[in-house]
Amino acid sequence: MNIKSIFHRTSATAATQESGTCSLTRRKLLGVTGAMLAAQPLLALSSSVRAACMPSSAPAGEGKAAIPTPLSGNFPWQQFNLDIAYGPKMPQGCQLIQINDQPCGPEIRLKKGDIFYTTVRNRMKEPTTVHWHGILVPNLMDGVPNVSQVPLPQGVETTYSWPVVQGGTYWYHSHFGLQDQQGLAGPLILEDPDEPFVYDKEAVLFMEDRLSADPYQVLDALQHKPAPEAAIAPTLPPKEAVFPYPGGKKFGVDVQYTRFPLNGCLPEKPFIVEAKPGERIRLRVINGSSSSYFCLSVQGHELQVIAKDGNIVQSLASDAILMATAERYDALITAGKPGIYRIVGEAVGQTTSALAILRVGDVALPAEFAAPTPADSIAIRAQLRLADAWVIRSMLPTAMPDVPQERIAMRLNGDMKTYHWSINGEFYPDAAPVDISQKRRVVLEVINETMMYHPMHLHGHFFRVLDPHMRDANHSPLMDTISVPPMAKVALEFYSDNPGRWVFHCHNMYHMVSGMLRVIQYRATE
């Protein structure tokens, strides 16, 4: 069945259910200070907002992240508009999607305790939805087509709204087909005034991957269906050297990319982070790609990792951060002496990478920049201090409430000959929902029976990894995305305190649209 037709299904309308509130224990665990509201989508009539690309750490001009401007008037909270329309078409067929006429999705920035109020207008000729990745939302705000929301048709607006009960680095993206591969994604930053960190400025680094060919035709090629040569080419093994997985582990890649935008900028005209010597900079790094892993480093600078997936962790000194698809990491750096330093997101298994520049002091920029090459990879460095989801630890204990436990097996399967991916042998959307109970410690026993890494993501909740051999297991960090290695078993525990219909899926979007997604559902019982 055609992928677009799968996501056009509207017969399975979004379920309605009571919205639960966080328990006192949960509030303590996540730092949540307010209860979630069961706000439903509204059709809004509001003017479109366009904004210039201008992050706080960079000068005007090339390489800026667009910031949506709050609407004027006496509305009691900030309002944001995301105007979604087709952008340029790539030479080999990829139809790009742009938000507010910008090459990179506009940054939405609010504070913990604010009201999130964002209107999405669909100007495309196909339906869409927007998912707010990692955000604890009422279920009807989650943006998954035909699970928590009916897809938004052409020419229609809807407003997503809820109280912001958390802080951290997040992002938003389409959950409809492969639209995020076409550019429908952007950063979402929630400032937390109670965080203990001190720094002078921030820089948001939003990394993506891009195809020149039509991604749906590339999927056809992966599934060995008829496809043009331009779509077959990205599915073939590369002839050049690729960036290695740290430690030399084998890393399978389904799609080869030639472009990795960072804040919408390519290496020839990279995004610039401005700093003065000695300034403390908070990097909010987002892997907003469709299927890529990045190994991020800052030339000549140590990274102090302080958060993963929006949750504060014990500070960890690192040379590089390994980021699976959809993960976010926050890190502090102290700007060194005046100079030009490369911020590199090495795309694992790919021939090229993402690039930004840290300019410290009043130093002239080079006339041109060269893309990073595998010969310069930091991943092959001896005694590399690598941060990833397996070595970081939460700042606070993360034990779940002492309530009954439910365990559910989630077997990840795939067939490379047909390129179909499943959970427990069922291929979404032809997969039965998984029923759980409210206020339980739910353990997803994820068993990867494939030779691929799978970045698994759970909506509406944070989980922690259960591993009796883990160092300081009581501080296993809370997260929403974890990379499950080939032929590995991982136990993920979460507290079911947010009733609704949620999804658990692989965030390699080609795997997801080929079946690797399951609905997990439960009702409010109190």
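Heads up: these notes are all about the structure in this document. All of these numbers come straight from a predicted model, not from anything done at the bench. (Residues numbered from 1 in each chain as written. Predicted model: local features only at pLDDT ≥ 70, side-chain atom pairs only at ≥ 80, totals over all residues. Heavy atoms only, no water.)

What follows covers the overall build of the protein chain. Looking only at helices and strands, the protein chain has 5 helices and 29 strands in total. When burial is assessed residue by residue, the protein chain has 62% of its 526 residues classed as buried. Relative to all contacts within the protein chain whose residues are 6 or more apart in sequence, the contacts with residues 24 or more apart total 78%. (Helix = DSSP H or I, 4+ residues; strand = E, 2+ residues; numbered from the N terminus. Buried < 20%, exposed > 50% of the residue type's maximum accessible area, 1.4 Å probe, protein only. Contact = heavy atoms within 4.5 Å.)

This paragraph deals with the sheet that holds strand 27 (residues 489-495). Spatial ordering of the open sheet is given by 21-20-23-27-25, a layout of 5 strands whose pairing is mixed. Only two strands of the sheet have a single partner each, and these edge strands are strand 21 (420-423) and strand 25 (463-466). Ignoring strand direction, the axes of neighbouring strands in this sheet form an average angle of 25 degrees. (Pairing = 2+ DSSP bridges. Axes fitted to C-alpha atoms, helices over the stretch in contact; angles between N-to-C directions.)

Attention now moves to unusual backbone geometry. Here Y428 and P429 are connected by a cis peptide whose omega angle stands at 10 degrees. Checked against the element boundaries, P429 lands in the loop between strand 21 and strand 22 (434-435). At D309, a residue that is not glycine, the phi angle is positive and equals roughly 50 degrees. If you trace the backbone, D309 turns up in the loop between strand 13 (303-308) and strand 14 (311-318). For D309, a relative accessible area of 0% corresponds to the buried category. Notably, A326 is not glycine yet its phi reads approximately 85 degrees, a positive angle. By the element assignment, A326 lies in the loop between strand 15 (320-323) and strand 16 (328-334). Judged by its relative accessible area of 0%, A326 is buried.

The subject of this paragraph is the packing of aromatic side chains. The geometry of an aromatic ring pair is captured by the separation of the ring centres together with the interplanar angle, meaning the angle of the planes. Taken as a whole and judged by the stated rule, the model has 15 aromatic pairs. Pairing F116 with W162 gives two aromatic rings, centres 4.1 Å apart and planes at 10 degrees, and the pair type is stacked. In this pair, F116 sits in strand 4 (residues 115-122) while W162 sits in strand 6 (residues 157-163), placing the two residues 46 residues apart along the sequence. Of the two residues, F116 and W162, neither departs from the other in class, the shared state being buried. Of the aromatic side chains, those joined through ring pairs into one cluster are F116, W132, Y160, W162 and Y172. (Phe/Tyr/Trp six-rings, centres within 6.5 Å; stacked < 30°, edge-to-face > 60°.)

So, on to the sheet that holds strand 6. Backbone-to-backbone hydrogen bonds join strands into a sheet, with any given pair of strands oriented parallel or antiparallel. Here we have 4 strands laid out as an open sheet, ordered 2-1-4-6, and mixed in their pairing. Both outer strands of the open sheet, strand 2 (95-99) and strand 6, are each paired with one neighbouring strand and no more. With strand direction ignored, the average angle separating the axes of adjacent strands in the sheet is 25 degrees.

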